[in-house]
Amino acid sequence: MCLAVPGRVVAIDDRADPLTGTIDFGGVRKQACLEYVPDVRVGEYVIVHVGFALQKLDEESARASLELFEQLGLLEEEFGDAWQQAAQQAGSGAPHAPATDRRGESGSETR
């Protein structure tokens, strides 16, 4: 299954063509295209599907969605072991816990 997952924008490369940024999905960080949300700022939340940020989302909705996805086991299905490892490294099982695992940044797909 391929989900549209909310994540927090932690970096934007406005020199890139197309516009890209680093999105944090509760410790798992991925590159995503930001062309559909060119006005997004670092710290804001976006919904990402197959490597494309499709729309901005408020933080409360993003966190609620991530928590529900985790409870349903969908994040493990989507992110695999890297998701769990990042949460463990951060010392929390919470989907929004900060972590430093950056192994997935090179790909543009959120899978």
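This structure is a prediction, so every number in the text was calculated from the model and none was measured.

The number of helices and strands found in the protein is three helices and five strands. Helices and strands in the protein line up, N terminus first, as β-β-β-β-β-α-α-α. For the protein, the residues scored as buried account for 40% of the 111 residues in total. Long-range contacts, defined here as pairs at least 24 residues apart, represent 49% of the contacts in the protein between residues at least 6 apart. A total accessible area of about 6000 Å² is found for the protein, and carbon and sulfur atoms account for 47% of it.

This next bit is on the packing of aromatic side chains. Scanning all chains against the criterion turns up one aromatic pair. Ring geometry for Tyr 36 versus Phe 52: centroids 6.0 Å apart, planes at 45°, classification tilted. With a gap of 16 residues between them, Tyr 36 in the loop between strand S3 (28–33) and strand S4 (45–49) and Phe 52 in strand S5 (residues 52–57) connect regions that are remote in the sequence. Taking the relative accessible area as the measure of exposure, Phe 52 reaches 35% and is therefore partly exposed.

Before going further, it helps to spend a moment on the pattern of salt bridges. Two side chains with opposite charge may pair up if their charged atoms get near one another. Applying the stated criterion to the full structure yields five salt bridges. Of the charged contacts in the structure, one is a salt bridge between Arg 29 and Asp 24, with a shortest N-O distance of 3.5 Å. The exposure classification of Arg 29 matches that of Asp 24, with both residues buried. A salt bridge links Arg 63 to Glu 59; the nearest nitrogen and oxygen atoms lie 2.8 Å apart. In this pair, Arg 63 and Glu 59 are both assigned in helix H1 (residues 59–71), four residues apart and thus about one turn of the helix distant. Taking the relative accessible area as the measure of exposure, Arg 63 reaches 27% and is therefore partly exposed. Among the charged side chains, a salt-bridge network with shared partners connects Asp 39, Glu 44 and Lys 56.

Here we come to unusual backbone geometry. The amide bond that connects Asp 17 to the next residue, Pro 18, takes the cis arrangement and shows omega of 10°. Examined against the element boundaries, Pro 18 turns out to sit in the loop between strand S1 (5–13) and strand S2 (20–25). Residue Val 50 is not a glycine yet carries a positive backbone phi of 40°. Residue classification places Val 50 among the partly exposed residues on the basis of a relative accessible area of 33%.

Before going further, it helps to examine the environment of Arg 41. Among the secondary structure elements, Arg 41 is positioned in the loop between S3 and S4. Sequence separation between Arg 41 and Ala 11 is 30 residues; the distance between their C-alpha atoms is 8.5 Å.

Calculation criteria
- Residues numbered from 1 in each chain as written.
- Predicted model: local features only at pLDDT ≥ 70, side-chain atom pairs only at ≥ 80, totals over all residues.
- Heavy atoms only, no water.
- Helix = DSSP H or I, 4+ residues; strand = E, 2+ residues; numbered from the N terminus.
- Buried < 20%, exposed > 50% of the residue type's maximum accessible area, 1.4 Å probe, protein only.
- Contact = heavy atoms within 4.5 Å.
- Areas by Shrake-Rupley, 256 points an atom, 1.4 Å probe, with all protein chains shown as cover.
- Phe/Tyr/Trp six-rings, centres within 6.5 Å; stacked < 30°, edge-to-face > 60°.
- Salt bridge = Lys/Arg side-chain N within 4 Å of Asp/Glu carboxyl O.

That's the geometry; what it means functionally is another story.
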